[in-house]
Amino acid sequence: MSKNGQALRVVIVDDEAPARSRIRDLLEDCAASFALEVVGEAANGRALIELLQRVPADVVLLDIRMPEMDGIEAAQHIQKLPDPPSVIFTTAYDVYALKAFELHAVDYLLKPIRLRRLHEALARVRSITPLSLDVLQQIAPDARRHLSVQERGRVLLVPVDKILFMRAELKYVTIRTAEREHLLEESLSRLEQEFREKFVRIHRSCLVAREHIESFERCGDDSGESGWVVKLRGLEDRLQVSRRQQHVMKEFGRL
Amino acid sequence: MLAAEPKGATGGVSCTSRGWHILCSATASGARYGPKNPFRQAFGAVKSINQNVHRDALPDFRNLGVILRIVLIVLALSAFVALCQSDSWRGALPRFLELSAPVQPAVLLSILVLAALSPILRRLDYRMGILAVLLVELIIVTAVQRTGGQFFFGGDSYGQLERFWLFTVATTGFILYYFYLRNRALSPALTEARLQALQARIRPHFLFNSINAVLSLIRDEPKRAETALEDMADLFRVLMADNRDLSTLVREVELTRRYLDLEQLRLGERLKVEWHTENMPGESLIPPLVLQPLVENAVYHGIEPSAEPGVININVYKVRDEVHLVLRNPYRKEGNHHAGNKMALSNIRERLSLHFDAEASLKSSITDDAYQVHIVIPYRKEVR
């Protein structure tokens with residue numbers, strides 16, 4: 001965050017060009033009495049994350065309903081940045097989100113935005129407490145479309161559709177795509193809850209993507225007992241299905 | 001006098017119950033719009049007008065649903081009479097066939113003649129209409145009795161003409177009374193259709209985003225801002241009108257174009273629209289707000305969720321006596337608002353069937369990566 005006295009660096013995020021230009025106009029009006037500078041614009045959440053890796057900012061005016069990645073998901077990924085900017089959500093109409101914002105005292109502006117309200121929100125920015133990830137996860141109505149991984153001070157977005165399986169390790173969760181592995185600091189049970197529709201638990205410590213399941217195979221394990229393993233598309237290794245979770249195979253027409 | 005009294009009383013009761021009905025739905029929808037909705041009052045005002053515009057009328061003898069009902073009622077009556085006249089189930093069948101010999105030609109002939117006379121009957125007052133229909137039926141039955149009897153039996157083996165007349169008047173009266181009651185039962189539903197049209201109203205999401213887009217234009221492109229505001233005025237004029245009556249295809253398409261112009265303003269390159277209205281019968285009647293809400297759904301579910309440009313394809317054409325409206329948009333799996341879409345579809349389907357009975361249909365399908373809605377309505381030019 002910039003020090004007091006320096007110009008406030010603002011990023012505008014909205015999928016509609018006229019909406020961005022409207023906010024730009026208003027910010028210009030604000031600039032007369034308020035030191036600020038528009039450092040960038042983005043048309044969706046993904047573009048915003050990429051932008052913020054290059055251009056540091058103090059505050060993001062973030063639309064909620066956007067293609068590719070919506071505002072609430074983007075706000076969650078932003079928190080993993082080394083020096084996350086403050087977020088002020090903007091929305092024209094979203095009953096669900098507004099209720100959640102009121103409940104958790106999250107800052108938001110209603111579009112069309114009034115100059116005075118924008119001015120007040122920006123003046124408050126330096127003093128507001130940053131959004132907590134917990135609150136954002138509670139507010140989010142849908143599962144995320146990406147998981148964000150911190151790597152060497154950068155935030156990497158991994159599309160959930162590309163993930164083959166997630167496995168709980170000691171402190172982390174390993175997520176595996178066809179290309180490589182990533183380490184994630186989240187709990188597996190929480191991930192299971194969020195991605196119930198796309199992933200199924202085959203083992204106490206492992207979730208696999210339903211869409212990538214190729215087959216279930218029977219095999220003998222070391223102790224001589226036979227068990228089942230799952231073969232995933234695009235992956236050589238087989239993953240063990242625990243005895244307890246064998247019922248999930250019924251869904252896929254086995255057993 | 002005695003006969004007239006209960007009738008008047010019945011009318012009064014049904015009036016009140018209809019009043020209640022309207023009152024209830026007004027409160028219910030008021031609650032749905034929420035206390036802060038600025039349009040609630042305007043809608044409320046619309047509702048309170050025209051509560052009793054209901055008018056008794058003859059059924060539309062050219063409507064497939066009406067024809068089917070007439071045939072079924074007569075068949076059922078014949079079967080019932082046959083059962084009464086025979087002492088076993090088995091004996092009922094030959095009796096039924098025997099009855100059908102004069103009854104079926106009379107029914108088929110009646111349907112043809114009444115369909116042909118339909119425009120004339122429509123112009124008559126309800127009572128005169130009933131008399132006319134009875135007269136037509138008596139003539140038909142007399143003709144059938146005479147010619148049929150001579151043709152098959154060379155005499156009046158069908159029985160006395162006076163008995164035929166009695167049965168005819170009874171059956172015709174029964175059928176007309178059935179349609180009278182049905183009309184009464186459906187008329188609150190027609191009022192309801194207007195309310196449903198209100199519910200099919202434009203999403204607030206669209207309203208506020210559009211206002212925001214217009215605001216962004218005012219400084220740099222005031223001309224475009226003016227046009228956009230005019231478009232909005234046109235849209236809301238229709239949305240707030242009494243939408244019980246039928247509109248024309250030309251008007252509905254024009255409204256949809258105004259709506260799409262506004263969406264274009266917000267979405268720019270992302271929204272592409274292909275119109276095919278070369279073979280559109282513009283004067284054909286259609287309930288208002290059928291196409292526009294569908295296109296709004298197409299934008300909301302098919303265009304907005306993607307950053308890539310998408311095409312909405314609208315095709316309106318006439319085949320024989322049917323008007324087809326086909327709407328296609330990209331299908332996005334990610335959209336999880338299908339509940340809202342289904343509600344809009346069932347709302348439109350209901351209104352179509354209220355206006356056109358069995359002659360209208362609405363089908364939706366998902367093919368590959370496209371979502372398609374196909375509406376068929378009968379081609380009609382005059383208001384009924």
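Keep in mind the model is a prediction, meaning the values are calculated, not measured. (Residues numbered from 1 in each chain as written. Chains lettered and ligands numbered in written order. Predicted model: local features only at pLDDT ≥ 70, side-chain atom pairs only at ≥ 80, totals over all residues.)

Undergrad: Would you mind showing me how to read the confidence of the model for chain B here?
TA: Keep in mind that low pLDDT regions are not for reading the predicted coordinates in detail. Residues and elements named next belong to chain B. Confidence in the prediction for chain B averages 79 pLDDT; 77% of positions are at 70 or higher. Note that residues 1-53 has pLDDT below 50 and, in this model, 23 contacts with residues that lie over four places away or in other chains. Two summary scores accompany this predicted model of the complex, namely pTM at 0.71 and ipTM at 0.81. (pLDDT = per-residue confidence, 0-100. Contact = placed C-beta atoms within 7 Å.)

Undergrad: What is the right way to look at the interface of chain B and chain A in this model?
TA: Interface size is commonly expressed as the accessible area that is lost once the parts come together. Opposite the 20 residues of chain B that make contact, chain A presents 16 residues. Only helix 7 (204-218) and helix 9 (249-267) of chain B provide two or more residues apiece to the side of chain B that touches chain A. Ranked by the residues each element gives to the side of chain B that touches chain A, the list is headed by helix 7 of chain B, at ten residues. When grouped by side-chain class, the residues that make up the side of chain B that touches chain A number ten nonpolar, seven polar and three charged. (Helix = DSSP H or I, 4+ residues; strand = E, 2+ residues; numbered from the N terminus. Nonpolar A, V, L, I, M, F, W, Y, C, P; charged D, E, K, R; others polar.)

Undergrad: Teacher, can you tell me more about the environment of Gln85 of chain B here?
TA: Residue and element names in this part refer to chain B. Mapped onto the elements, Gln85 comes out in helix 3 (residues 64-85). A tally of 13 C-beta atoms within 10 Å means that Gln85 is categorised as partly exposed. In the structure, Gln85 is positioned eleven residues away from Phe96 in sequence and 9.5 Å away in space, judged by C-alpha atoms. (Buried ≥ 20, exposed ≤ 12 C-beta atoms within 10 Å, placed from the backbone.)

Undergrad: Help me out: how do you make sense of the nonpolar core in this one?
TA: The tendency in soluble globular proteins is for nonpolar side chains to be buried side by side. Counting residues in each nonpolar core, the largest one holds 81 residues, and the members touching the most others are Val60 and Leu62 of chain A together with Val295 of chain B. Once residues within four sequence positions are removed from consideration, Val295 of chain B is found in contact with Thr256, Tyr259, Leu260, Ile312, Ile314 and Leu327 of chain B. (Core = buried A, V, L, I, M, F, W, Y, C linked by C-beta atoms within 7 Å.)

Undergrad: I tried to follow helix 4 (residues 89-123) of chain B on my own but got confused; where do I start?
TA: One turn of the α-helix equals 3.6 residues, which is why residues spaced by three or four share an orientation. At Leu117 of chain B, helix 4 of chain B shows its maximal bend, which comes to roughly 60 degrees, and the proline Pro119 of chain B appears one to four places after that position. For helix 4 of chain B, the set of buried residues is Val103, Ala106, Val107, Ser110, Leu114 and Leu121 of chain B. (Bend = angle between axes of the 7 residues up to and from the residue.)

Undergrad: Sorry, what's going on with the packing of helix 3 of chain B against helix 4 of chain B here?
TA: To describe two helices that pack against each other, one gives the angle between their axes and the distance between the axes. Residue and element names in this part refer to chain B. Remark: helix 3 packs on helix 4, axes separated minimally by 9 Å, with the N-to-C direction vectors making an angle of 155 degrees. Considered as vectors, helix 3 and helix 4 are oriented roughly antiparallel to each other. Relative to helix 4, the crossing made by helix 3 is right-handed. Residue-level inspection shows Ile67, Ile70, Val71, Val74, Ser78, Ala79, Val81, Ala82, Leu83 and Gln85 of helix 3 in contact with helix 4, the latter providing Ala92, Arg95, Phe96, Leu99, Ser100, Val103, Val107 and Ile111. Partitioning the contact of helix 3 with helix 4 into residue classes produces 14 nonpolar, three polar and one charged. (Axes fitted to C-alpha atoms, helices over the stretch in contact; angles between N-to-C directions. Parallel < 35°, antiparallel > 145°, perpendicular 65-115°, else oblique. Left-handed = near helix turned anticlockwise from the far one by under 90°.)

Undergrad: Mind showing me how you'd approach the sheet that holds strand 2 (residues 271-276) of chain B here?
TA: The pairing of strands in a sheet happens through backbone hydrogen bonds and is either parallel or antiparallel. All names here are of chain B. The mixed open sheet is built from five strands, whose spatial order is 2-4-5-7-6. A strand with exactly one partner marks an edge of an open sheet, and here the two such strands are strand 2 and strand 6 (361-367). Across this sheet, the average inter-strand angle for adjacent strands is 15 degrees, counted without regard to direction. Across seven bridges, strand 6 lies against strand 7 (residues 370-378) in antiparallel orientation. Across the sheet, the residue bridging to Ser365 is Gln372, located in strand 7. (Pairing = 2+ DSSP bridges.)

Undergrad: Just checking my understanding: could you explain the sheet that holds strand 8 (residues 163-168) of chain A for this structure?
TA: All names here are of chain A. What the five strands build is an open sheet, ordered 10-9-8-12-11; its pairing is antiparallel. Two strands close off the open sheet at either side, each with one partner strand: strand 10 (181-184) and strand 11 (199-203). Strand-to-strand, the axes of this sheet are offset by a mean angle of 25 degrees, without reference to chain direction. Direction of pairing for strand 8 relative to strand 9 (residues 173-177): antiparallel, over a ladder of five bridges. Residue pairing across strands places Ala168 opposite Val173, the latter belonging to strand 9.

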